[in-house]
Each structure stands twice: as C-alpha cells, then as structure tokens.
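Survey of secondary and tertiary structure
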Amino acid sequence: MYDSRFAYDTVGTRMGITLAGYSGGTWGSGNLQQFLAIGIYDQTEGSKDQYCGRVVFPNSIGWFPLSAFRVEGWQKMEIVFSDGIAKFSVNDTAIQIQNYDKPQNGFGCFRLGAFAGTTNPQIFFDDLSIVKTTVTSVDQWQLY
C-alpha cells in the first residue's frame, strides 16, 4: 500500500496525514490496532525543526523525528507499507523504515489535517494519492 501527498509547511506546530486501523473498521470504532502518521509534530524531542513519523504498535513506538529538516513551502510526504514494514519518505528521500503490527481489518481510516492540540492552524494539502500496489520485496527497500 502506498500513500503520498504534498503538504504546505506554514512552519506551524502539528499537521499531517494519518492512517489508522480499528477493530471495528471505521474511525474510533472498536479498539485501535495501528496508527501510522507523517507530518509535523512539535512535541517530540528533536522534532521542532524536523518532520516526524509515528507508529503506535508494537510497543508504543510513538512519534520519532525523520531527520528531514523543515522548510516553509510544499513538501512531498509518503508512507509506503507492506507486510508489517513501513517506509517514511520526505521529498522522495527515504528517511526511516519501521516495523509495525498489521491491523486485523487493515487501514480503514484516513485523515488529513491538524493533530490534537493545534488551534487555528493554516493547513494546505494537494495531489493526494492512496494507491494499492504490489510490493515485490520489502528487502529491497533502502534508505537513501
């Protein structure tokens, strides 16, 4: 599975894209089984100047900085995921690969916008695409 979008970084504090899997199949229905996110989250140590990723399970990995420094303007952000492995990329540069627990019913929930705790955000998205593809081998994924 593949998700890509352009987000305009207004040098705000919290915004991005979220893919979630709940046991009931819809947002907030049943138990949260997985939560993948990419974007801006300024409450993670070292992340005020960097884009961030998030994986909730296993072991509450949580938010982590992606070592891609923030600049005002349009940024391409991607999460490519298959067989319990997610690759986070910013501007076509693979930054981090994380293992994740696959949700039983897949990722049935998708959300763009401000993350919790954001007030009066200026958020812009463009060229959103969610594509189901066949990944031949996650062993070929590399950071570059």
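For clarity, every value in this text was computed on a predicted model and none was experimentally measured. (Residues numbered from 1 in each chain as written. Predicted model: local features only at pLDDT ≥ 70, side-chain atom pairs only at ≥ 80, totals over all residues. Heavy atoms only, no water.)

Now for the overall build of the protein chain. Scanning the protein chain from terminus to terminus reveals 0 helices and 10 strands. Listed by position from the N terminus, the elements making up the protein chain come as β-β-β-β-β-β-β-β-β-β. Carbon and sulfur atoms make up 46% of the accessible area of the protein chain, which totals about 7400 Å². (Helix = DSSP H or I, 4+ residues; strand = E, 2+ residues; numbered from the N terminus. Areas by Shrake-Rupley, 256 points an atom, 1.4 Å probe, with all protein chains shown as cover.)

Before going further, it helps to spend a moment on unusual backbone geometry. One non-glycine residue, Ser-67, lies in positive phi territory at about 55°. For Ser-67, the location among the structural elements is in strand S5 (residues 62-69). Relative accessible area serves as the criterion here: at 51%, Ser-67 is assigned to the exposed category. In this structure, Asp-83 takes a positive phi of about 50° despite not being glycine. (Buried < 20%, exposed > 50% of the residue type's maximum accessible area, 1.4 Å probe, protein only.)

Across 6 bridges, the pairing between strand S7 (residues 85-90) and strand S8 (residues 93-99) is antiparallel. When the bridges of S8 are listed, Val-90 appears paired with Thr-93. Once S7 ends, the chain turns through 2 residues before running back antiparallel as S8, passing Asn-91 with a positive phi of about 50°. (Pairing = 2+ DSSP bridges.)

Glancing now at the packing of aromatic side chains. Per the counting criterion, the structure on display carries 7 aromatic pairs. An aromatic cluster of at least three residues, connected via ring pairs, comprises Tyr-22, Trp-27 and Phe-35. (Phe/Tyr/Trp six-rings, centres within 6.5 Å; stacked < 30°, edge-to-face > 60°.)

With the rule as written, the count across this model stands at 2 salt bridges. Between Lys-76 and Glu-78 there is a salt bridge, and its shortest N-O distance comes to 3.7 Å. Exposure class is identical for Lys-76 and Glu-78. Each is buried. With its nearest N and O atoms 3.0 Å apart, the salt bridge here joins Lys-76 to Asp-92. Remark: Asp-92 occurs in the loop between S7 and S8 and Lys-76 occurs in strand S6 (residues 73-82); sequence separation between them is 16 residues. Taking relative accessible area as the criterion, Asp-92 reaches 45% and is therefore assigned partly exposed. Put simply, Lys-76, Glu-78 and Asp-92 are held in one network by salt bridges that share partners. (Salt bridge = Lys/Arg side-chain N within 4 Å of Asp/Glu carboxyl O.)

This paragraph deals with the nonpolar core. Core analysis: the biggest nonpolar cluster contains 20 residues, and Leu-36, Ile-38, Ile-79 and Phe-88 have the highest contact counts within it. Mapped onto this core, the elements with two or more residues apiece are strand S2 (14-22), strand S3 (32-41), strand S4 (50-55), S5, S6 and S7. Excluding its chain neighbours within four sequence positions, the residues that come into contact with Leu-36 are Ile-17, Thr-18, Leu-19, Arg-54, Val-55, Ile-79, Phe-81, Ala-86, Tyr-100 and Phe-107. Ala-20, Phe-35, Val-56 and Phe-115 belong to the second-largest nonpolar core, a separate cluster that totals 10 residues. (Core = buried A, V, L, I, M, F, W, Y, C linked by side-chain atoms within 4.5 Å. Contact = heavy atoms within 4.5 Å.)

Another point: a nonpolar patch on the surface. Together, Phe-110, Leu-112, Leu-128 and Ile-130 make up a nonpolar patch on the protein surface, roughly 300 Å² of accessible area in all. The set of elements that each furnish at least two residues to the nonpolar patch consists of strand S9 (109-114) and strand S10 (124-131). A residue is classified by how much of its surface remains accessible, and Leu-112, at 31% relative accessible area, is partly exposed. (Patch = residues over 30% accessible without salt bridge, like charges linked within 9 Å, V, L, I, M, F, W, Y side chains within 5 Å.)

Turning our eyes to something else, we now look at the confidence of the model for the protein chain. When pLDDT is averaged along the protein chain, the result is 77; 78% of the residues meet or exceed 70. Mean pLDDT across the secondary structure elements of the protein chain bottoms out at strand S1 (residues 2-9), with 64, and peaks at S7, with 89. (pLDDT = per-residue confidence, 0-100.)

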